[in-house]
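# Inside the fold
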Amino acid sequence: MARRLTTLPRATLRPHRRIALGCVAVALATLAACADQGTAPSAAAPSLASSSSTPFDLNAAPLTLAWQSTARHLVATHPAFSPIIAGRLYALYSVGQYGAVVAADEAQASGGGGRALYEARRGAIAGASAAILAAFFPDAATMLDDQLASDGAAGPGGTHPHFTRGVAIGREMAARISDRAAHDGFSLRWNGLQPPDPLGGGWVGNGAAPAGFQYPAMRPWYLTSQDQFRPPPPPARGSADFLADLGAVRVATTGRTPADSLMANFWNFTNGTITPLGYWDERAAEYVAAAGLDEREAAHVFALVNSTAADATIGCWEAKYHYMLIRPSRADATIRLVGGVPGFPYNLPNHPSYPSGHSCVSASAARVIEHFFPASTATLEAMVAEAGRSRVVGGIHYPFDISAGQALGRAVADWAIAYDRQPGGLLAALQR
């Protein structure tokens with residue numbers, strides 16, 4: 001039985017970026033009808049008591065965890081995947097995994113539990129995962145096929161027929177996810193123009209396509225509109241409040257200690273890393289593994305974490321391009337960004353300052369993880385606070401960027417959690 005958690009040790013530093021860190025703080029109507037409600041574990045999950053004379057390990061880690069790790073690895077080894085592009089992938093992928101395992105349960109409903117259900121779920125996760133990732137990373141298709149084959153052969157007696165059946169179910173779900181991806185608005189082309197700035201925020205891009213310019217028009221998973229949780233305006237440029245926060249950035253950067261620099265670089269999940277959302281997925285994986293969640297429960301956690309963070313990103317970027325606020329180092333030329341580490345420069349992002357995207361994603365993802373594992377709240381909130389402070393110390397955000405981003409992220413998370421509790425749960429979002 002899954003258990004609630006108290007605290008977990010902080011994970012090893014993310015792959016592809018090892019930094020010494022001393023003091024950083026610690027279908028679808030059918031699918032919708034049978035989706036999980038509320039927190040994991042699902043009390044209604046079918047029994048996996050073995051109906052076969054062939055033993056199998058009910059305590060084996062869910063394949064969801066291994067396939068989530070594969071997704072993070074591919075993102076980190078494909079530098080074209082910026083944090084916001086990776087966030088979209090993580091959401092599509094995780095919802096696809098969950099939809100596949102729910103569909104496998106539905107297909108197996110009349111066939112009992114035991115080994116057949118166990119294998120069908122594993123096959124559904126592997127089939128959906130391999131197909132979705134191959135669509136985004138075609139150069140990894142052979143490796144992904146090998147991982148799927150290895151998963152199937154891992155059971156006693158070789159590949160079970162219900163694993164094969166589950167793979168087909170997973171591939172069907174992958175096709176549905178592909179259709180959503182083709183119509184979510186991400187493919188909008190940049191018109192080559194600077195976004196308008198009617199409110200006088202003063203942000204000017206670097207001449208390349210503004211990062212995430214299409215996100216204010218993208219299709220959300222749960223939000224009723226992209227601006228549903230748009231934060232109030234930032235302090236007007238030149239106002240006392242604006243100058244006070246600009247001064248706070250100046251103080252934080254001029255008084256930056258070696259420990260501050262380590263903190264800023266630790267949280268600088270740029271291209272070529274697992275990205276900020278990947279970091280929160282790593283934390284979710286720790287809690288899922290420690291709690292002993294089953295395949296469906298694990299997939300549910302990742303699906304809600306990632307789709308919520310994707311909506312927080314849409315809301316965040318809508319606000320960014322609405323307010324068009326200048327970055328601190330552009331408003332005050334004495335402010336210097338923290339120095340990066342080899343291979344991972346600390347650059348000024350090519351999108352407006354307000355609100356902080358890192359804080360939108362961190363607060364939303366942490367809030368959902370806390371929903372499933374409430375005893376972890378204090379630990380996770382300390383990480384969210386540290387992630388926010390790192391961006392001020394790094395010189396790229398005002399303190400009010402951080403507070404607005406965190407508020408937006410939590411509001412989106414609360415909305416998504418409530419959506420997940422409704423009939424059909426989060427899978428109902430696939431029909432929108």
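Residues numbered from 1 in each chain as written. Predicted model: local features only at pLDDT ≥ 70, side-chain atom pairs only at ≥ 80, totals over all residues. Heavy atoms only, no water.

On to the overall build of the chain, then. Counting its regular elements, the chain contains 14 helices and 0 strands. Moving toward the C terminus, one meets the helices and strands of the chain in the order α-α-α-α-α-α-α-α-α-α-α-α-α-α. Within the structure as shown, the chain displays about 16200 Å² of accessible surface, and the carbon and sulfur contribution to it stands at 58%. (Helix = DSSP H or I, 4+ residues; strand = E, 2+ residues; numbered from the N terminus. Areas by Shrake-Rupley, 256 points an atom, 1.4 Å probe, with all protein chains shown as cover.)

Of all residues in the chain, 86% have pLDDT values of 70 or greater, and the mean over the chain is 88. Here residues 1-34 is modelled with pLDDT under 50, and outside its nearest four sequence neighbours on either side it reaches 100 contacts, counting other chains as well. Ignoring residues within four places in sequence, the model shows residues 37-54, a span with pLDDT below 50, making 47 contacts including any to other chains. (pLDDT = per-residue confidence, 0-100. Contact = heavy atoms within 4.5 Å.)

Further remarks concern the packing of aromatic side chains. This structure, assessed with the given rule, holds 20 aromatic pairs. Ring centres 5.2 Å apart and planes at 90 degrees place the aromatic pair Phe 266 and Trp 267 in the edge-to-face group. The residues Phe 266 and Trp 267 share a single accessibility class, namely buried. A ring pair is formed by Phe 266 and Phe 269, whose centres lie 6.1 Å apart and whose planes are at 70 degrees; its orientation type is edge-to-face. By relative accessible area, which is 3% here, Phe 269 ends up buried. (Phe/Tyr/Trp six-rings, centres within 6.5 Å; stacked < 30°, edge-to-face > 60°. Buried < 20%, exposed > 50% of the residue type's maximum accessible area, 1.4 Å probe, protein only.)

For the structure on display, the rule yields 13 salt bridges. Ionic pairing is found between Arg 296 and Asp 105, a salt bridge with its closest N-O pair at 2.8 Å. Pair noted here: Arg 296 is in helix 10 (residues 295-323) and Asp 105 is in helix 3 (residues 83-107), with a separation of 191 residues, a long-range link. On the basis of relative accessible area, Arg 296 is assigned to the buried category, the value being 7%. Note that Arg 121 is salt-bridged to Asp 294, the shortest N-O span being 3.6 Å. With Arg 121 in helix 4 (residues 114-136) and Asp 294 in the loop between helix 9 (275-291) and helix 10, this pair connects stretches of sequence that are 173 residues apart. Given a relative accessible area of 1%, Arg 121 falls into the buried group. With relative accessibility at 18%, the residue Asp 294 sits in the buried group. If you follow the salt bridges from partner to partner, you end up with Asp 105, Arg 121, Asp 294 and Arg 296 in one network. (Salt bridge = Lys/Arg side-chain N within 4 Å of Asp/Glu carboxyl O.)

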